[in-house]
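What follows is the residue order along each chain.
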Amino acid sequence: RSLLSARVSRALEFDSGALPHFEGSGKMGGTMREPHSHSTDDPHWRCAPIPDDLQDRRVEITGPVDRKMVINGLNSGANIYMADF
């Protein structure tokens, strides 16, 4: 019950505009919630590039079949388009 209560409380924070952030020890010590991760303190930090397997969009699958979804599927840039009839 306490977990559900905390979840509802957190959802209300997000609904009022709060942004999610990481938990951890750092400048504040303990398990204080911090507004960012330590990696963002380093201006040279970069995430890994997107793997080629994820950049190659072979199939776009959409549904339901209406005019907008067909147009979006055909314009997706994928090599193949499948629709759920």
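Residues numbered from 1 in each chain as written. Predicted model: local features only at pLDDT ≥ 70, side-chain atom pairs only at ≥ 80, totals over all residues. Heavy atoms only, no water.

Caption draft 1: Region of the structure containing the pairing of strand E1 (residues 59–62). Only one face of E1 is buried, namely the one carrying Glu60 and Thr62, since none of Val59 and Ile61 on the opposite face is buried. Between the parallel elements E1 and strand E2 (residues 80–83), the chain passes through helix H3 (residues 67–74) in a crossover that is right-handed. (Buried < 20%, exposed > 50% of the residue type's maximum accessible area, 1.4 Å probe, protein only. Helix = DSSP H or I, 4+ residues; strand = E, 2+ residues; numbered from the N terminus. Right-handed = clockwise from strand over helix to strand, strands pointing away.)

Caption draft 2: Spatial organisation of the pattern of salt bridges. A full pass over the atoms with the stated rule returns one salt bridge. Across the salt bridge formed by glutamate 13 and arginine 10, the nearest N and O atoms sit 2.4 Å from each other. Separated by three residues within a single helix, glutamate 13 and arginine 10 lie in helix H1 (residues 2–15), roughly one turn from each other. With a relative accessible area of 34%, glutamate 13 lands in the partly exposed category. (Salt bridge = Lys/Arg side-chain N within 4 Å of Asp/Glu carboxyl O.)

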